[in-house]
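A closer look at the structure
The chain contents come next:
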Amino acid sequence: MLEVKNLNVFYGKLQILWDLSINVGDESVGLFGPNGAGKTTLINTILGLVKPVSGEIVLDGESLVKMETDKIIKHGIAIVPQDRELFPFMTVEENLRTGNAYIARARKKYQERLDFVFEIFPVLKERLNQAAGSMSGGQQRMVAIGRALMSDPKVLILDEPSGGLQPSLVTEVFHRLKDLKKSVSVLVTEQNVRQALKAIDRGYILENGKIAMADTADNLAGNDHIRKSYLGI
Ligand SMILES: Nc1ncnc2c1ncn2[C@@H]1O[C@H](COP(=O)(O)OP(=O)(O)O)[C@@H](O)[C@H]1O
Ligand SMILES: [Mg+2]
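Here is a short report on the structure shown in this document. (Residues numbered from 1 in each chain as written. Chains lettered and ligands numbered in written order. Predicted model: local features only at pLDDT ≥ 70, side-chain atom pairs only at ≥ 80, totals over all residues. Heavy atoms only, no water.)

**Things to note about the overall build of the chain**
- A count of helical and extended segments in the chain gives eleven helices and ten strands.
- Over its C-alpha trace the chain gives a radius of gyration of 17 Å, about what one expects of a compact globule, namely 17 Å for 233 residues.
- Considering only C-alpha atoms, the chain reaches an extent of 45 × 40 × 30 Å along its principal axes.
- Accessible surface for the chain amounts to roughly 10800 Å². Of this, 50% is attributable to carbon and sulfur atoms.
- Here the chain contributes 29 positive and 28 negative side-chain charges, whose respective centroids are spaced 1 Å apart. (Helix = DSSP H or I, 4+ residues; strand = E, 2+ residues; numbered from the N terminus. Rg over C-alpha atoms; globule rule 2.2 N^0.38 Å. Areas by Shrake-Rupley, 256 points an atom, 1.4 Å probe, with all protein chains shown as cover. Lys, Arg positive; Asp, Glu negative; His and termini not counted. Charge placed at Lys NZ, Arg CZ, Asp CG, Glu CD.)

Pasting the structure below:
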């Protein structure tokens, strides 16, 4: 479905991603690596916010590399960014609505998308009229993920979804991700590799802008390098 092929990305003269290839099918895929490895840069390149010097990004047979970000989103990529800013003075419902207001295909399915978001995050149904900024950190995270789901994406990309959450909520977020992968392809970056490995099918290890390893979640969990460097075992 989503294929990234031989991507080379620079910031100025500094090369950040090196001949990077990954793919995401009907599955949930993790992207792990230390701070500064290039995870967010890869996401920003998929979204068209950063233009690669060379390489291809293909979604269902269609090239995204020359498309503008708004078109890429219309083609079915949704992102929950690292900063995840909501509109704090708008209600939960208004925030969710911004997730599909600009996408005709999704806007027609507004109620269906909303029901889907409620299925994943039932608590949001009771909070629809509450100002998003007055909710707990965990609930705001759910609104941010829900907003991305409103656009009816083929691929949902989450950049460090557990960041800044207390441990019990981290577990909750990954449980929901596990539910999600039944209906949408997921690409997720995470520092919390231990928990993420339980919620994904496959993962890539990104180190210094290069794919250092690619394997099933089970094999990664048992790998010595992963255990020492990412799981602290
Ligand atoms: N806008 C930018 N301009 C220049 N360098 C950047 C920019 N954004 C990130 N970098 C650098 O690119 C590298 C990869 O960063 P990033 O993609 O944010 O990594 P990660 O998300 O894995 O922590 C880092 O060395 C970072 O300092
Ligand atoms: Mg990042």
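**Considerations on the sheet that holds strand β4 (residues 54–59)**
- An order of β2-β1-β4-β5 is seen for the four strands of this open sheet, with the pairing classed as antiparallel. At either margin of the open sheet sits one strand with a lone partner, and together these are β2 (14–24) and β5 (62–63). (Pairing = 2+ DSSP bridges.)

**What to know about the site of ligand 1**
- Around ligand 1 lies a shell formed by Y11, I16, P34, N35, G36, A37, G38, K39, T40 and T41.
- One of the backbone N or O atoms of A37 is found 3.2 Å from an oxygen atom in ligand 1.
- For the shell around ligand 1, the class distribution of residues is four nonpolar, five polar and one charged. (Near = heavy atom within 4 Å. Polar contact = N/O pair within 3.5 Å; in protein donor to acceptor, adjacent residues only side chain to side chain. Nonpolar A, V, L, I, M, F, W, Y, C, P; charged D, E, K, R; others polar.)

**Here's the deal with the packing of helix α7 (residues 137–149) against helix α8 (residues 167–180)**
- Between α7 and α8, the least distance of the axes is 10 Å, while the angle of their chain directions is 20 degrees. The orientation of α7 relative to α8 falls into the category roughly parallel. As for the relative orientation of α7 and α8, their crossing is right-handed in sense. Contacts between α7 and α8 pair G138, R141, M142, I145 and L149 from the former with L169, E172, V173 and L180 from the latter.
- Residue classes in the contact of α7 with α8 are distributed as six nonpolar, one polar and two charged. (Axes fitted to C-alpha atoms, helices over the stretch in contact; angles between N-to-C directions. Parallel < 35°, antiparallel > 145°, perpendicular 65-115°, else oblique. Left-handed = near helix turned anticlockwise from the far one by under 90°. Contact = heavy atoms within 4.5 Å.)

**Comments concerning the pattern of salt bridges**
- Under the defined criterion, the tally for this structure stands at ten salt bridges.
- R97 is the partner of E93 in a salt bridge, and the nearest nitrogen-oxygen pair spans 3.6 Å. Remark: R97 and E93 occur in helix α3 (residues 92–98); sequence separation between them is four residues, near one turn of the helix.
- On the accessibility criterion, E93 (22% relative accessible area) is partly exposed.
- Assessed through its relative accessible area of 41%, R97 is described here as partly exposed.
- Notably, a salt bridge pairs R176 with E172, separated by 2.8 Å at the nearest N-O pair. With R176 and E172 both in helix α8, this residue pair falls four residues apart, about one helical turn.
- E172 gets classed as partly exposed once you look at its relative accessible area, which sits at 28%.
- Three or more residues joined by partner-sharing salt bridges are found here, namely R105, K109, R113 and D152. (Salt bridge = Lys/Arg side-chain N within 4 Å of Asp/Glu carboxyl O. Buried < 20%, exposed > 50% of the residue type's maximum accessible area, 1.4 Å probe, protein only.)

**Regarding the layout of surface pockets**
- Taken as a whole, the largest pocket holds about 550 Å³ of empty space.
- Taken together, 23 residues make up the lining of the largest pocket; nearest its centre are I73, I79, T98, G99 and R147.
- At the level of secondary structure, the elements contributing two or more residues to the lining of the largest pocket comprise α2 (69–74), β6 (77–80) and α7.
- Looking at the lining of the largest pocket, its residues break down into 14 nonpolar, five polar and four charged. (1 Å grid on protein atoms, 1.4 Å probe; cavity = no way out; pocket = protein on both sides within 12 Å on 5 of 7 lines; lining within 4 Å. Points joined across faces, edges and corners; volume = space filled by probe spheres on them.)

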